[in-house]
2 protein chains.
Amino acid sequence: MSIIDNINKAFDHRVRLGIMSVLVVNEYADFRKLKELLDVTDGNLASHARALEQAGYITVQKQFIGRKPNTRYMATTQGKNAFQDHIDALEALIRKNT
Amino acid sequence: MSIIDNINKAFDHRVRLGIMSVLVVNEYADFRKLKELLDVTDGNLASHARALEQAGYITVQKQFIGRKPNTRYMATTQGKNAFQDHIDALEALIRKNT
């Protein structure tokens, strides 16, 4: 049992922390909104979002709004639960020293 | 200003979180002790420790104890302060959603 065992590799990057932090308190967030909030490149956001999607933690919805394509992300229940466990593990590790 | 701006890239990996969490509450930790606590390979620990050393956040002391070589890590004041800022940033991001 290592002191970092409960830290979830799928969330172990600040962009992924940022994506999940937004999606667990919002019904959804558009690609552009997340990009703006996190101040990351399209490619960077897309690759981290894809990893979270493959882990089953978020879903992606693609649609047209008027003539414009729109990409929308939502956290899954599994994602919200796993993220809460991850936060608890981070806080347990951090609390050890504050 | 992005919501993840204050998260320090140098600490943005669970092994580095683990190393710093141990070193900010202990005067020092030996390579073997850290390896045991974090349950990581020699190479993995050494590469993350080197990155923290290059960032000026930890120092490394190499000595012989009896006939045996010993590697000892200590957090620098700069490292302790930067890590506290990192933790504050993580908690600010996380608190946004708990």
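Up top you'll find the structure we're talking about.
As the structure is a computational prediction, the values presented were derived from the model and not from experiment. (Residues numbered from 1 in each chain as written. Chains lettered and ligands numbered in written order. Predicted model: local features only at pLDDT ≥ 70, side-chain atom pairs only at ≥ 80, totals over all residues. Heavy atoms only, no water.)

A. Broad picture of the sheet that holds strand 3 (residues 68–75) of chain A. Residue and element names in this part refer to chain A. Across the sheet, 3 strands lie side by side as 1-3-2; this open sheet has antiparallel pairing. Edge positions in the open sheet fall to strand 1 (29–30) and strand 2 (58–65), since each of these has one partner strand only. Across 2 bridges, the pairing between strand 1 and strand 3 is antiparallel. Paired with Asp-30 across the strands is Arg-72, a residue of strand 3. (Pairing = 2+ DSSP bridges. Helix = DSSP H or I, 4+ residues; strand = E, 2+ residues; numbered from the N terminus.)

B. Geometry of the relation of the copies chain B and chain A. Superposing chain B onto chain A requires a rotation of 180° together with a translation of 0.0 Å along the rotation axis, leaving an RMSD of 0.0 Å. The two molecules are tied by a two-fold rotation axis, judged by turn and shift. With an isologous cut-off of 70% or more, the 100% of interface residues of chain B that recur at the interface of chain A puts this contact in the isologous class. (Least-squares fit on C-alpha atoms with pLDDT ≥ 70 in both. Contact = heavy atoms within 4.5 Å.)

C. Spotlight on the sheet that holds strand 2 (residues 58–65) of chain B. All names here are of chain B. Spatial ordering of the open sheet is given by 1-3-2, a layout of 3 strands whose pairing is antiparallel. Lying at the two open borders of the sheet, with one neighbouring strand each, are strand 1 (29–30) and strand 2. Where helix 1 (residues 14–23) meets the sheet, it contacts strand 1, strand 2 and strand 3 (68–75), and its direction lies at approximately 85° from that of strand 3. (Axes fitted to C-alpha atoms, helices over the stretch in contact; angles between N-to-C directions.)

D. A look at the packing of helix 1 (residues 14–23) of chain A against helix 4 (residues 77–95) of chain A. Residues and elements named next belong to chain A. Relative orientation of the contacting elements helix 1 and helix 4 amounts to 120°, with a least axis distance of 11 Å. Judged on the interaxial angle alone, helix 4 and helix 1 are oblique. In the crossing of helix 1 with helix 4, the sense of the turn from one axis to the other is left-handed. Between helix 1 and helix 4, the contacting residues are Leu-17, Met-20, Ser-21 and Leu-23 on the first element and Gly-79, Lys-80, Phe-83, His-86 and Leu-90 on the second. Within the contact of helix 1 with helix 4, the residues separate by chemical class into 5 nonpolar, 3 polar and 1 charged. (Parallel < 35°, antiparallel > 145°, perpendicular 65-115°, else oblique. Left-handed = near helix turned anticlockwise from the far one by under 90°. Nonpolar A, V, L, I, M, F, W, Y, C, P; charged D, E, K, R; others polar.)

E. Fine view of the pattern of salt bridges. Applying the stated rule across the entire model yields 8 salt bridges over all chains. Measuring nitrogen to oxygen at the nearest pair gives 2.7 Å for the salt bridge that ties Arg-14 of chain B to Asp-12 of chain A. Pair noted here: Arg-14 of chain B is in helix 1 and Asp-12 of chain A is in the segment before helix 1, and the two residues belong to different chains. Across the pair, exposure class does not vary: Arg-14 of chain B and Asp-12 of chain A are buried alike. Put simply, Glu-36 of chain B and Lys-33 of chain B hold a salt bridge, and the shortest N to O gap is 3.7 Å. One end of the pair, Glu-36 of chain B, and the other, Lys-33 of chain B, are both in helix 2 (residues 31–38), 3 residues apart, so they sit about a helical turn from each other. (Salt bridge = Lys/Arg side-chain N within 4 Å of Asp/Glu carboxyl O. Buried < 20%, exposed > 50% of the residue type's maximum accessible area, 1.4 Å probe, protein only.)

F. Structural detail: helix 1 of chain A. For helix 1 of chain A, the tally of buried residues reaches 10 of 10 residues, placing the bulk of the element in the interior. Considered for burial, the residues of helix 1 of chain A that qualify are Arg-14, Val-15, Arg-16, Leu-17, Gly-18, Ile-19, Met-20, Ser-21, Val-22 and Leu-23 of chain A.

G. Focus on the side chain of Asn-8 of chain A. Residues and elements named next belong to chain A. Of note, Asn-8 is situated in the segment before helix 1. Separated by 2.8 Å, the side chain of Asn-8 and the backbone nitrogen of Ala-10 make a polar contact. What Asn-8 contacts, discounting residues up to four positions off in sequence, is Tyr-57, Ala-82 and His-86. (Polar contact = N/O pair within 3.5 Å; in protein donor to acceptor, adjacent residues only side chain to side chain.)

H. Fine view of the packing of aromatic side chains. Residues and elements named next belong to chain A. Overall, the coordinates contain 6 aromatic pairs over all chains when judged by the stated rule. Chaining the aromatic ring pairs together yields one cluster made of Phe-11, Tyr-57 and Phe-83. Taking the ring centre of Tyr-28 as reference, the NZ or CZ of Arg-72 above it sits at 3.7 Å. (Phe/Tyr/Trp six-rings, centres within 6.5 Å; stacked < 30°, edge-to-face > 60°. Lys NZ or Arg CZ within 6 Å of the ring centre and 35° of its normal.)

Geometry only, nothing functional implied.
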